Amino acid sequence: MSTGFSLTRTTRPVPEAERAAILAEPGFGRYFTDHMASAVWTAADGWQDRRIRPLEPFTLHPSAAVLHYAQEIFEGLKAYRHADGSVWLFRPEANARRFARSARRLALPELPEEDFLAGVMELVRADEPWVPAAGGEESLYLRPFMFASEAFLGVRPAAEVTYAVIAGPAGPYFPSGVTGVTLWVTTRYTRAARGGTGAAKCGGNYAGSLAAQIEAAEQGCDQVMYLDSEGEGKLEESGTMNLCLVTSDGRLLTPELGTILEGVTRDTILALAPGLGLTPEERTVTLEELRSGAADGTITEVFAAGTAAVVTPITGFKGEGYEFTIGDGSPGEQTMAIRRTVLDLQYGRAEDKHGWLRRVL
Ligand SMILES: Cc1ncc(COP(=O)(O)O)c(C=O)c1O
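Computed from a prediction, not measured in an experiment: that's the story for all the values here.

Asker: Mind showing me how you'd approach the overall build of the protein chain here?
Answerer: Within the protein chain, the regular secondary structure consists of nine helices and 18 strands. The C-alpha radius of gyration of the protein chain comes to 21 Å, within 12% of the 21 Å expected for a compact globule of 361 residues. Dimensions of the protein chain along its principal axes, counting C-alpha atoms only, are 60 × 50 × 35 Å. A burial count over the protein chain gives 51% of its 361 residues as buried. If you take every contact in the protein chain between residues at least 6 apart in sequence, the share linking residues at least 24 apart comes to 71%. When the accessible surface of the protein chain is split by element, carbon and sulfur atoms take 51% of a total near 15,800 Å². For the protein chain, the distance from the average position of its 34 positive side-chain charges to the average position of its 47 negative side-chain charges is 3 Å.

Have a look at this one:
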């Protein structure tokens, strides 16, 4: 069985002038490249039909299991262009491994790591002109995903599954400078329970988060902060980002793994922290500790970490009957230093001591 993805080029690429206009203002999640990667798995034959092919809609039977039982997972990573024109991925093996863990939790077949990497890299090569120029914070966002495409009704793991990767240019997350965001501490909704799917990157987790996101917006907040589902007031994470706190005695705190997503950015920051003079600590942090620390100045900065924004300063929190700011309510110095450090690595402006970059082109 071949592990290569065969390439069929589109005969109708987006015209160059149109692509240039898109790349001038790509936004996020609005435009897609000319090609996609795909492969199919069946219980009888395993993975097959690995292809890079023109981007096109799927044809699904209305009974396709994903539409009814949400057996679906996805990933998110970026390709970065360096100043010399080369194109690189950042820790794609970590995404491949998380994809395999998500697959196990959702009773989907595991995609071998070499297939995950080959599909992503071959797609970037086929769509090279779509990788934004170096110099800013633009990138090519890559979205691998896998879903139950078997046509049947019934609650059991699907015997036919489709894997695909699509890509689209992403503009700078903070086009007019990095600003702090506020989080709504929801007590009505939780994201994940012990034994649930919180640690998996499955679409269902995000469907369940939308009502909380609406609640946050109604409260005038940018995003949601989730607490544990057992009512113990333990911080979990934000809607699409992990949470980090900086203390006045130089520690970088982040909630331990379990029901949260194991973020690649979170892991990167934990590894970089000592070099920035911070001692990393993965442990339970309660809302009470956050509130009192913000009040007495022992918690000096809070930020969220994820592929999309890299690092987002959290400058304020709001919950039922209370509101508080972190520090003076503006993005913290350590937060901005961590942000710069990660970006410098991703864009090849700093030495890659950890061997995190993988060259594509
Ligand atoms: C729920 C959730 N937490 C955390 C993250 C951050 O993960 P990463 O740093 O791998 O992007 C994401 C984004 O993928 C997410 O969706």
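Asker: It is not clear to me how the nonpolar core should be interpreted in this structure. Could you clarify?
Answerer: If you look at the biggest cluster of nonpolar residues, it comprises 50 residues, and the most contacted ones within it are F116, L142, M146 and Y163. Considering every element that reaches this core, the biggest residue donor is helix α4 (residues 113-126), with seven residues. Summarising the domain contributions, this core has at least three residues from each of domain 1 (6-170) and domain 2 (181-346). The residues touching Y163, leaving out its near neighbours within four places in the chain, are A37, S38, A39, W47, F99, L111, F116, V120, P144, F145 and M146.

Asker: So what exactly am I meant to see when it comes to the site of the ligand here?
Answerer: Around the ligand, a shell composed of 16 residues is seen, among which K201, Y206, E237, T265 and T307 lie nearest. Within the side chain of R98, one N or O atom sits 2.8 Å away from an oxygen atom of the ligand. Elements supplying a minimum of two residues to the shell around the ligand: α7 (264-272) and β15 (299-306). A breakdown of the residues in the shell around the ligand according to their chemical character gives five nonpolar, seven polar and four charged.

Asker: Whenever I open this one, the packing of helix α3 (residues 92-105) against α4 confuses me. Can you help?
Answerer: Packed helices, taken two at a time, are described by their axes: the angle between them and the distance between them. For the pair α3 and α4, the least separation of the axes is 9 Å and the interaxial angle reads 125°. The pairing of α3 with α4 is recorded here as oblique in orientation. Crossing handedness for the pair α3 and α4: right-handed. Along its contact with α3, which presents P92, E93, N95, A96, R97 and F99, the element α4 presents E113, F116 and L117. Residue composition of the contact of α3 with α4, by class: five nonpolar, one polar and three charged.

Asker: Got a minute to help me understand the packing of aromatic side chains in this structure?
Answerer: Any two aromatic rings considered together are summarised by their centre-to-centre distance and by the angle between their planes. A complete count under the given rule lists 13 aromatic pairs for this structure. Arranged with centres 4.9 Å apart and planes meeting at 75°, the rings of F28 and Y141 form a pair that is edge-to-face. With F28 in the loop between α1 (16-24) and β2 (35-42) and Y141 in strand β7 (residues 139-148), the pair connects residues that are 113 residues apart, well separated along the chain. A relative accessible area of 46% places F28 in the partly exposed class. Centre to centre, the rings of F317 and F324 are 5.3 Å apart; their planes meet at 20°, and the pair counts as stacked. Classification of F317 by relative accessible area gives buried; the value is 1%.

Asker: Help me understand the pattern of salt bridges, please; the structure alone is not making it clear to me.
Answerer: Oppositely charged side chains are able to pair whenever their charged atoms sit close together. Enumeration according to the criterion identifies 22 salt bridges in this entry. Across the pair R339 and E137 runs a salt bridge whose closest N-O atoms are separated by 3.1 Å. With R339 in helix α9 (residues 333-346) and E137 in the loop between α4 and β7, this residue pair connects regions lying 202 residues apart in the sequence. We note a salt bridge from E215 to R188, for which the minimum N-O separation is 3.0 Å. Taken as a pair, E215 in helix α6 (residues 210-218) and R188 in the loop between β9 (181-185) and α5 (203-207) lie far apart in primary sequence, 27 residues in all. Accessibility expressed as a relative area gives 9% for E215, which makes it buried.

The rules behind the values
Residues numbered from 1 in each chain as written. Predicted model: local features only at pLDDT ≥ 70, side-chain atom pairs only at ≥ 80, totals over all residues. Heavy atoms only, no water. Helix = DSSP H or I, 4+ residues; strand = E, 2+ residues; numbered from the N terminus. Rg over C-alpha atoms; globule rule 2.2 N^0.38 Å. Buried < 20%, exposed > 50% of the residue type's maximum accessible area, 1.4 Å probe, protein only. Contact = heavy atoms within 4.5 Å. Areas by Shrake-Rupley, 256 points an atom, 1.4 Å probe, with all protein chains shown as cover. Lys, Arg positive; Asp, Glu negative; His and termini not counted. Charge placed at Lys NZ, Arg CZ, Asp CG, Glu CD. Core = buried A, V, L, I, M, F, W, Y, C linked by side-chain atoms within 4.5 Å. Domains from an automatic or database assignment. Near = heavy atom within 4 Å. Polar contact = N/O pair within 3.5 Å; in protein donor to acceptor, adjacent residues only side chain to side chain. Nonpolar A, V, L, I, M, F, W, Y, C, P; charged D, E, K, R; others polar. Axes fitted to C-alpha atoms, helices over the stretch in contact; angles between N-to-C directions. Parallel < 35°, antiparallel > 145°, perpendicular 65-115°, else oblique. Left-handed = near helix turned anticlockwise from the far one by under 90°. Phe/Tyr/Trp six-rings, centres within 6.5 Å; stacked < 30°, edge-to-face > 60°. Salt bridge = Lys/Arg side-chain N within 4 Å of Asp/Glu carboxyl O.

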